[in-house]
Every structure is written in structure tokens, then in C-alpha cells.
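Given next are the chains, with one letter for each unit.
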Amino acid sequence: MSETFRTQFTQDYVAQYGPRILPGKIALEEHYESPDWEATGDPQNETARNQEAYFEAVKSRLHSAEQRIADMDRNGVEVFVMSLTQPGVQEVLDTGEAVKIAHEMNLWVYENYVQRYPTRFNAFAAVAMQDPEAACRELEFCVKELGFCGALINGYTMKGSKDHVEYLDEPQNLPFWKKLVELDVPLYLHPRDPAPSQQRAYAGYPGLLGSAWGFGAETALHAVRLLCSGLFDELPGAKLILGHLGEGLPFSLPRLQHRLNNQKPCGAHKRPLPEYFERNVWITTSGHFNTPSFLHTLAGCDSSKVMFSSDTPYESLDEAALWFDNVPLSQSDRLRIGRQNAIDLLKLDL
Ligand code: MN
């Protein structure tokens, strides 16, 4: 199907019937920040790269459940699964403080979103990987006591110093993966800026460091580390979610494996990487509302592992929903991707 045809298909439908809205959608990369704690990291970075009016609108939505509900109602979204915005506790250098803040943020989002509007919000737990055992306890508390549906981690974790970073495939984090599997909940691996030691490549182009490019490059590599590590051989039931159409991996993974086939072993994995991707990885549409990219992704993925998300408040829910509700898909696929796959994965009681 050519892009011209796809565009025409959507335009014809909209012209004939008006824009359609799929009711009951669920979105699971939707961010909050408590007014009690600045989670967005170094404000210099955000103010340097973002236009002022844009970032002011983002900030007001980060704090307001009521504003989010109005957005959801207007766009046929039933449930937002909330997460602490990046870099969150992954940038808290003091371990004790990171553990404490994670717990406080989880209680805050529970009280201000989930408990107040239980039919509209759930949440992913913030966890402090600076102390993996504490992260296990926090995850168990959030899942069992607060009813949260998994964890969201903003990439690598800084510990002690901004130059010391730890990735989720490293052995100290294996107990946390075991806890995820024991509780049968997924981990959403969310982006953050590339590590300080990697930022030379972005010098002179501050706008590329964040969500425009650096987020995806950093997170795709982090996900590939996980695929290579052997983690998914040891824990075949582990569930990983990637946003932004899988951070490009549905496009790039076939070539990656093609080259690895000629190389010496890279990590401890036993199977070709695409096998883990098919079995252990779910992806969302967050922040990537482009029809050819989406259709390519669907062609390379099990459609039961693709889920609608928007990435609010950094993205407009109006734009995300209008695109998704009218992208050329069968209505049964739209319903699965827009709603049912998330219910199945997160075991939502809807
Ligand atoms: Mn996001």
C-alpha cells in the first residue's frame, strides 16, 4: 500500500464519516510529577532545549489529574497508566534518598490519581535501582498493596556520582527481574538522556540529546544489552515494554542479528535476538504517530504485543488519539491495540 493510498484511505473515511473516536482506549506511557519533588532532572537541559510556552503547558499537566481527565474524556481514553517523569529516581545519586523518594512518589500518585479516580488511573511503580533489594520490596508493596501494574524505569541508574551508571542487564539487578517474574508484571524501560560519558557525540546540538534523538538511541542500546545478556534465557517469563514503536528495534533488529551471525558470541544469549523480542517484548505507540512507521512495525511484530500510548504531557493526546483512531487498521486490530492488549498484559480489571 503506498503512502498516498494510505493517506487517501484515511482522508476518504474521515470525509465520509467524520473523524472516528475509538472509545475505551488505554494508554500506558503517561507521566506525572509531584509538586513536592522536581523529577525532570537538570532544569538547564529542559529549558535549553524546549520552547518556553511548550514546557509551561507540559509542567501544568504533569501536576494535574483533573486536566488529564478532561483530555482523556475528549479523546475516548478510559485509563491512563501513570509513571514518574524522566529521569525520576534514576538520577538521585544518594541511595537512601532514592529509595525514600521512590516510595513517596508512589504514595503520591496513588493518593492523587489512582485512589481518587480508580476507574481512570493506574500506575507503574517508581523503583530505586541504586538498591535492588529495596526496589524489590517497593515493587511488591506497589503491586500488592496499591494495585499498581508493574514498574517503569528511566534507563540506566546513576549511583554515587553522575559518572557511575548501571544498566538493567548487570548482575546486581537480577533479583529485581526475578521479583517482576514472581509478581508477573512487566517492566517499562523508558528513555533518558545518554550517559554523561556518551554525550560528546551530541556536542553542539543540544536539541538532539533528549527525546528528539538521544532518548531513542540510548534506550534501544539498553534494550539490546538486555536481549544479548541471556536474561531472557534465565527468565523466559520476563516482560519488557518499550515505547516509541519499540525504539526503532522492529526496523533494526533483523540487521543486528544478521551481523551477529558472523561474529563471535556477544553476551550470554542462547537464541537469536528476534526470538526474545517476539516472546518477551511489548511495544507502544508513544510519541510516534507516523503511519508508515507504524505499519512497518506491525508487519514485524506480533500484533498482540503492540499497544496504544501517547506520552503525555510531552505529546498532545489530541494528536495521538486522532492519528490512532483513524490510522488504516481493521476495527478488531484497533480495539486490540487500543485497549485489549493492555488489559491482557497488565491484568486490568475493566
Ligand atoms: Mn515518555
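Given the structure is predicted, the values throughout are model-derived calculations rather than measurements.

Moving on to the overall build of the protein. Within the protein, the regular secondary structure consists of 15 helices and 10 strands. A compact globule built from 350 residues would reach a C-alpha radius of gyration of about 20 Å, and the protein, at 19 Å, matches this within 12%. A principal-axis box enclosing the C-alpha atoms of the protein has dimensions of 60 × 50 × 45 Å. The buried share of the protein, reckoned over its 350 residues, is 53%. Pairs at least 24 apart in sequence give 80% of the contacts found in the protein among residues at least 6 apart. For the protein, the computed accessible surface area is about 15300 Å², with 53% contributed by carbon and sulfur atoms.

Before going further, it helps to spend a moment on the nonpolar core. Within the largest apolar cluster, 80 residues are counted, with the highest numbers of intra-cluster contacts made by Leu139, Phe176, Trp177 and Phe294. Counting residues per element, this core draws most heavily on helix α5 (residues 95–114), which supplies eight residues. Leaving out residues up to four positions away in the same chain, phenylalanine 176 has contacts with Val127, Met129, Ala135, Cys136, Leu139, Ala151 and Ile153. Listed in part, the 16 residues of the second largest apolar core include Leu28, Val79, Ile241 and Ala342.

Evaluation of the coordinates by the stated rule reveals 14 aromatic pairs. Summarising the aromatic geometry, the rings of tryptophan 177 and phenylalanine 232 are spaced 6.3 Å apart at their centres and angled 80° between planes, so their arrangement reads as edge-to-face. Pair noted here: tryptophan 177 is in helix α7 (residues 174–183) and phenylalanine 232 is in helix α9 (residues 231–234), with a separation of 55 residues, a long-range link. With 6.2 Å between their ring centres and 35° between their planes, phenylalanine 232 and tyrosine 276 make a pair best called tilted. Taken together, the residues phenylalanine 232 in helix α9 and tyrosine 276 in helix α12 (residues 273–280) connect sequence positions 44 residues apart. Each residue in the set Tyr32, Trp108, Tyr113, Tyr117 and Phe121 is aromatic and connected to the rest through ring pairs, giving one cluster. Over the ring of tyrosine 167 we find arginine 225; its NZ or CZ atom is 4.6 Å from the centre of that ring. The positively charged end of lysine 305 is found above the aromatic ring belonging to tryptophan 282, 4.6 Å away from the centroid.

In this section: the packing of helix α3 (residues 52–63) against helix α4 (residues 65–74). Close contact between α3 and α4 brings their axes to 5 Å; oriented N to C, the two are set at 100°. The angle between α3 and α4 places the two elements in the roughly perpendicular class. On the side of α3, the interface is formed by Ser60, Arg61, Leu62 and His63, while α4 contributes Ala65, Gln67, Arg68 and Asp71. Along the lines of polarity and charge, the residues of the contact of α3 with α4 split into two nonpolar, three polar and three charged.

The next subject is the packing of helix α11 (residues 249–260) against α12. Taken N-terminus to C-terminus, the directions of α11 and α12 make an angle of 150°; their axes are 9 Å apart at the nearest point. Two secondary-structure elements touch here, α11 through Leu249, Pro250, Leu253, Leu256, Gln257 and Leu260 and α12 through Leu273, Pro274 and Phe277. Its residues assigned to classes, the contact of α11 with α12 comprises eight nonpolar, one polar and no charged.

The next thing to look at is the coordination of the manganese ion. Around the manganese ion, the protein supplies Glu29 (OE), His31 (NE2), His190 (NE2) and Asp311 (OD) as donor atoms, at distances of 2.0 to 2.2 Å. All donors of the manganese ion come from a single chain, and their spacing in sequence reads E-x1-H-x158-H-x120-D. You can see histidine 31 sitting in strand β1 (residues 25–32) and its partner aspartate 311 sitting in the loop between β10 (306–307) and α14 (317–326), a full 280 residues away along the chain.

The rules we used
Residues numbered from 1 in each chain as written. Predicted model: local features only at pLDDT ≥ 70, side-chain atom pairs only at ≥ 80, totals over all residues. Heavy atoms only, no water. Helix = DSSP H or I, 4+ residues; strand = E, 2+ residues; numbered from the N terminus. Rg over C-alpha atoms; globule rule 2.2 N^0.38 Å. Buried < 20%, exposed > 50% of the residue type's maximum accessible area, 1.4 Å probe, protein only. Contact = heavy atoms within 4.5 Å. Areas by Shrake-Rupley, 256 points an atom, 1.4 Å probe, with all protein chains shown as cover. Core = buried A, V, L, I, M, F, W, Y, C linked by side-chain atoms within 4.5 Å. Phe/Tyr/Trp six-rings, centres within 6.5 Å; stacked < 30°, edge-to-face > 60°. Lys NZ or Arg CZ within 6 Å of the ring centre and 35° of its normal. Axes fitted to C-alpha atoms, helices over the stretch in contact; angles between N-to-C directions. Parallel < 35°, antiparallel > 145°, perpendicular 65-115°, else oblique. Nonpolar A, V, L, I, M, F, W, Y, C, P; charged D, E, K, R; others polar. Donors = N, O, S within 2.8 Å, 3.2 Å for Na, K, Ca; no water.

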